[in-house]
Amino acid sequence: MYLSRRKFVALAATGVATAPLMARTTGGTVTAQQVVDRIKENIGVDWKADTVDTFKAGDPSTAVTRIVTTSLASLDVLNRAVKSGANLIITSEPTFYSRTDTPTPPVRRAFGQPGSTPAASLPPAPPDPVFLGKDAFLKKHNLVVFRLSDHWRMRNPDPFAEGFADTLGWAKLAGDPKQISIPETSLDVLVSHTKKALQSRGGMRVVGDPQLRVRTVALLPGSTPIEAAIAALPAVDAIIAGEVREWESVEYVRDTDDLGGKKALILTGRIVSEDPGMELCAQWLKKIVPEVASTWISAGDPYWRPTL
């Protein structure tokens, strides 16, 4: 059934599931800007001027009632955050579907248009009901969204890899998440273990012989460039990554196998792979922002697998 833009916005503005207005700013002791200032002071790396780690929605002067961390601020996550009494959401991925992360569709060059055409000279994208609906929900509940991706990943050790290893039950084995020695197992058993540990609904994809014996793995959560896969693969039997470009790392591992390399690649999905790292972020925030509670809400696996 087609949902009109007006109806979508109206439904989203009322709270998707008639969420109570618990997240309104009432008497907090710290503002969203002060939380971000403490993040910058304690992150342990120099804060870059050119970064995606900025406010994406809401007023930074808002008094914080509760903080929620997540790998992606979906409407479902936002709704659960409101129900929990939270009004500051810290997410590792964009809220509005692209790197620009603005509540309007990004401007796209038309097919065949010269690559040198500046985006500013192109007509704005038409209004979109999903962008409008999500923006209306954020405003209705006075939510503030801050993206924390670049700098959280720059910490050493990488908290995304730390959280990934912990969720897989390998925290005590993981000196270097790019080369973890695990009890020997077959690839198909390793995949089943990974799927269960991450509560994956079906977004996993695997390259390699199911009977391959695996003793060492590399954890590469998030989006893995081909350079990282090439650097990690020689020292391990399998890479467990979030997402890759299919024509890069997937084909590199496939060709490695065809050349007798006996390697494997397990893809769990970007959001699922980053969720454990954002759970660690909630624990870290409890230490640097003790005035308000910090909790993690899983974005969950967006995929499901057909049974036919």
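This text gives an overview of the structure that appears in the document.

Quick notes on the rules
Residues numbered from 1 in each chain as written. Predicted model: local features only at pLDDT ≥ 70, side-chain atom pairs only at ≥ 80, totals over all residues. Heavy atoms only, no water. Helix = DSSP H or I, 4+ residues; strand = E, 2+ residues; numbered from the N terminus. Buried < 20%, exposed > 50% of the residue type's maximum accessible area, 1.4 Å probe, protein only. Contact = heavy atoms within 4.5 Å. Pairing = 2+ DSSP bridges. Right-handed = clockwise from strand over helix to strand, strands pointing away.

1. A few points about the environment of Val 207
Turning to step 1, where the next piece is worked out: Structurally, the position occupied by Val 207 is in strand β6 (residues 205-207).
Turning to step 2, where the next piece is worked out: The buried category is assigned to Val 207, whose relative accessible area is 14%.
Turning to step 3, where the next piece is worked out: Separated by 47 residues in sequence, Val 207 and Arg 254 have C-alpha atoms that sit 6.8 Å apart.
Turning to step 4, where the next piece is worked out: Those residues within four positions of Val 207 in sequence are excluded, and the remaining contacts are Leu 187, Val 250, Val 253, Arg 254, Lys 263, Ala 264 and Leu 265.

2. What about unusual backbone geometry?
Turning to step 1, where the next piece is worked out: Residue Pro 157 follows Asn 156 across a cis peptide bond; omega there is 5°.
Turning to step 2, where the next piece is worked out: Note on placement: Pro 157 falls in the loop between α5 (150-154) and α6 (159-167).
Turning to step 3, where the next piece is worked out: In this structure, Tyr 97 takes a positive phi of about 70° despite not being glycine.
Turning to step 4, where the next piece is worked out: In this structure Tyr 97 comes out as partly exposed when scored by relative accessible area, which is 45%.
Turning to step 5, where the next piece is worked out: Phi angles above zero are rare outside glycine, and Gln 199 is one such case at about 55°.
Turning to step 6, where the next piece is worked out: Along the chain, Gln 199 turns up in the loop between α7 (187-198) and β6.

3. Re the pairing of strand β8 (residues 238-243)
On any regular strand, side chains alternate: one points to one face of the sheet, the next to the other face.
Turning to step 1, where the next piece is worked out: For β8, the tally of buried residues reaches five of six residues, placing the bulk of the element in the interior.
Turning to step 2, where the next piece is worked out: Pairing analysis gives five bridges linking strand β7 (residues 213-223) to β8, with the strands arranged parallel. Paired with Ala 218 across the strands is Ile 239, a residue of β8.
Turning to step 3, where the next piece is worked out: Once the chain exits β7 it traverses helix α8 (residues 226-232) before rejoining the sheet at β8, and the crossover so formed is right-handed.
Turning to step 4, where the next piece is worked out: Across four bridges, the pairing between β8 and strand β9 (residues 264-267) is parallel. Opposite Ile 239, over in β9, you have Leu 265 as the bridge partner.
Turning to step 5, where the next piece is worked out: Handedness of the crossover joining β8 and β9 through helix α9 (residues 246-258): right-handed.

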